[in-house]
Every structure is written in structure tokens, then in C-alpha cells.
Amino acid sequence: MNTPWVWVGLRLVTVLGASLALGLVLGQVAWSMVVALSGYLAWHLLSIYRLDQWLKASRTLQQPKAYGIWAQVYDSLYNLRLRNRQGKRRLAQFLSRFREAAEALPDGAVALGPERRILWYNSAAASMLGLKRHDLNRPISHVLRHPEFNAFLRAGRFEGAVEVPSPVNESVQLSIR
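Residues numbered from 1 in each chain as written. Predicted model: local features only at pLDDT ≥ 70, side-chain atom pairs only at ≥ 80, totals over all residues. Heavy atoms only, no water.

### Remarks on the confidence of the model for the chain
Across the chain, the average pLDDT comes to 88, with 97% of residues at 70 or higher. For the chain, helix α1 (residues 3-26) is the element with the lowest average pLDDT, namely 86, and strand β2 (residues 118-121) is the one with the highest, namely 92. (pLDDT = per-residue confidence, 0-100. Helix = DSSP H or I, 4+ residues; strand = E, 2+ residues; numbered from the N terminus.)

### Notes on unusual backbone geometry
Trans is the prevailing form of peptide bonds, just as negative phi is the prevailing case for residues other than glycine. With phi around 55°, Arg 116 is a residue other than glycine that occupies positive phi space. Positive phi values are uncommon outside glycine, yet Asn 137 reaches one of about 75°. Its location among the elements puts Asn 137 in the loop between α4 (123-129) and α5 (140-143).

### With respect to the pattern of salt bridges
Applying the stated criterion across every chain yields a total of 3 salt bridges. In this structure, Asp 52 and Lys 56 form a salt bridge, with 3.2 Å as the shortest nitrogen-oxygen distance. On the criterion of helical spacing, the pair formed by Asp 52 and Lys 56 is a turn pair, its members being 4 residues apart in helix α2 (residues 29-57). Overall, Asp 52 belongs to the partly exposed group, its relative accessible area being 30%. Asp 135 is paired through a salt bridge with Arg 138; the nearest N and O atoms lie 2.6 Å apart. (Salt bridge = Lys/Arg side-chain N within 4 Å of Asp/Glu carboxyl O. Buried < 20%, exposed > 50% of the residue type's maximum accessible area, 1.4 Å probe, protein only.)

### Here we look at the environment of Leu 51
Relative to the elements of secondary structure, Leu 51 occurs in helix α2. Taking the C-alpha atoms as reference points, Leu 51 and Trp 70, separated by 19 residues in sequence, lie 8.7 Å from one another. Every residue in contact with Leu 51, bar those within four places of it in the chain, is listed here: Trp 70, Val 73, Tyr 74 and Leu 77. (Contact = heavy atoms within 4.5 Å.)

### Observations concerning the packing of aromatic side chains
Under the definition given, this model contains 3 aromatic pairs. Measuring from centroid to centroid gives 5.3 Å for Trp 54 and Tyr 74, while their planes differ by 55°, and the two rings are tilted. Of this pair, Trp 54 sits in helix α2 while Tyr 74 sits in helix α3 (residues 69-104), and the two are 20 residues apart along the sequence. We note that Trp 54, like Tyr 74, is buried. Measuring from ring centre to ring centre gives 5.8 Å for Phe 98 and Trp 120, while their planes differ by 50°; the resulting arrangement is tilted. Taken together, the residues span a long stretch of sequence, with Phe 98 in helix α3 and Trp 120 in strand β2 at a distance of 22 residues. Here Phe 98 falls in the partly exposed class, since its relative accessible area comes to 45%. Positioned above the aromatic ring of Trp 54, the side-chain terminus of Arg 81 is 4.6 Å from the ring centre. (Phe/Tyr/Trp six-rings, centres within 6.5 Å; stacked < 30°, edge-to-face > 60°. Lys NZ or Arg CZ within 6 Å of the ring centre and 35° of its normal.)

### Section: the pairing of strand β4 (residues 173-176)
Every second residue of β4 is oriented toward a common face, the buried set being Leu 174 and Ile 176 and the non-buried set Gln 173 and Ser 175. Looking at chain direction, strand β3 (residues 162-165) and β4 are connected through 4 bridges and run antiparallel. Bridge pairing in β4 places Val 162 opposite Ile 176. (Pairing = 2+ DSSP bridges.)

### Structural notes on the packing of α1 against α2
Packing of α1 against α2 brings their axes to within 7 Å, and their N-to-C directions diverge by 150°. Between α1 and α2, the interaxial angle falls into the category roughly antiparallel. You can see that α1 and α2 cross each other, and the crossing is right-handed. Here α1 contributes Val 8, Arg 11, Leu 12, Val 15, Leu 16, Ser 19, Leu 20, Leu 22, Gly 23 and Leu 24 to the contact with α2, which in turn contributes Val 29, Ser 32, Met 33, Ala 36, Leu 37, Tyr 40 and Trp 43. Split by residue class, the contact of α1 with α2 holds 13 nonpolar, 3 polar and 1 charged. (Axes fitted to C-alpha atoms, helices over the stretch in contact; angles between N-to-C directions. Parallel < 35°, antiparallel > 145°, perpendicular 65-115°, else oblique. Left-handed = near helix turned anticlockwise from the far one by under 90°. Nonpolar A, V, L, I, M, F, W, Y, C, P; charged D, E, K, R; others polar.)

### Focus on the nonpolar core
Counting residues in hydrophobic clusters, the biggest one holds 16 residues, and the most contacted among them are Ile 118, Tyr 121, Leu 131, Phe 149, Val 162, Val 164 and Ile 176. When contributions to this core are tallied by element, the ones reaching two or more residues are β2, α4, α5, α6 (147-155), β3 and β4. Residues in contact with Ile 176, not counting those within four places in the same chain, are Leu 144, Phe 149, Phe 152, Gly 160, Ala 161, Val 162 and Val 164. Counting 8 residues, the second-largest nonpolar core is a separate cluster that includes Tyr 40, Leu 51, Trp 70 and Tyr 74. (Core = buried A, V, L, I, M, F, W, Y, C linked by side-chain atoms within 4.5 Å.)

Written as C-alpha cells, this is what we have:
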């Protein structure tokens with residue numbers, strides 16, 4: 001069994017034993033047990049409150065001082081938060097490298113999200129489609145309003161390409177995949 005859990009059990013048995021002995025001496029066993037268990041419960045509730053405050057308010061990894069099983073809970077959450085931060089940092093670096101690579105492409109690239117809304121585009125796509133910053137999160141069909149393109153989107157079969165004129169320069173034909 002894990003050592004902090006053994007200490008939790010021993011602490012509870014000690015509190016109950018001491019309150020039972022005190023209750024027998026005072027002739028108030030029930031009240032002695034109620035007071036002891038209430039104190040023990042209050043300590044755990046305070047620990048839960050401190051944990052909640054740390055999780056909600058803390059932007060830093062610095063964890064509050066804790067004892068017993070709560071120290072193990074804080075340590076586990078600290079390690080989880082640390083791994084989460086490292087994962088976010090790696091993901092941000094990957095996204096940065098991806099964006100740099102996509103910017104270097106001579107072809108236009110547009111990333112679409114749910115409901116085919118524009119999440120990101122490179123500078124080549126901006127110049128070919130006339131995309132501006134305010135187009136982010138707009139449906140692509142609101143930006144590129146060509147009937148063939150909209151039919152292509154509705155069909156949902158993207159193995160092929162659709163040829164449409166550029167909204168910026170109608171004499172330029174775009175092959176969209």
C-alpha cells in the first residue's frame with residue numbers, strides 16, 4: 001500500500017482512538033467522536049478548498065504547502081501541469097514551424113475548421129483569394145462565392161479539383177483542392 005495512504009489511515013485511527021479515550025474519561029463518547037471527526041473533516045475540506053484555489057487562480061506552477069496525502073495529490077497535479085505546459089510549448093513550436101513552411105509554399109494554402117470556416121491561410125492564398133484578417137473564422141463560401149466551388153464543397157468529395165476564376169483577378173484560373 002502507498003505510504004501516504006497508510007499515514008491517512010493511521011492518523012484517522014489515532015484521532016478516533018484519542019477521541020474515544022477522551023470521551024470515556026469525560027463520559028461523552030458520542031460528542032467526543034463527533035468533535036474529532038468534525039475536526040478531521042474540516043482539515044480535509046480546507047485542503048480541498050486550497051487545492052481548488054490553486055487550480056483556479058494559479059498561473060504559476062508553485063504549489064501550496066501541503067501535508068500527508070494532500071502533498072501527494074499536489075505533487076501529482078504539479079507533474080501533470082508541468083507535462084501539460086511542456087506539451088503546449090512543443091505544440092506551439094510545431095505550429096510555428098508548420099506556418100513557416102506553409103508560408104514558403106508558392107501555392108495558396110487555407111486551413112478550414114468546423115463549418116468550413118477559415119482558421120488560417122498563407123500569404124499566397126491571401127493574394128490569390130483576396131483574403132484579409134477579418135476573413136478569419138468566416139465560412140470559405142462567403143469569401144469565394146463561385147457556384148462551382150460551392151457545389152464542390154457541398155458534394156464533400158475532395159479527391160479531385162475544381163477550376164474557378166480568382167476573386168481578385170477573373171483572368172486567373174485557380175485549381176482548388
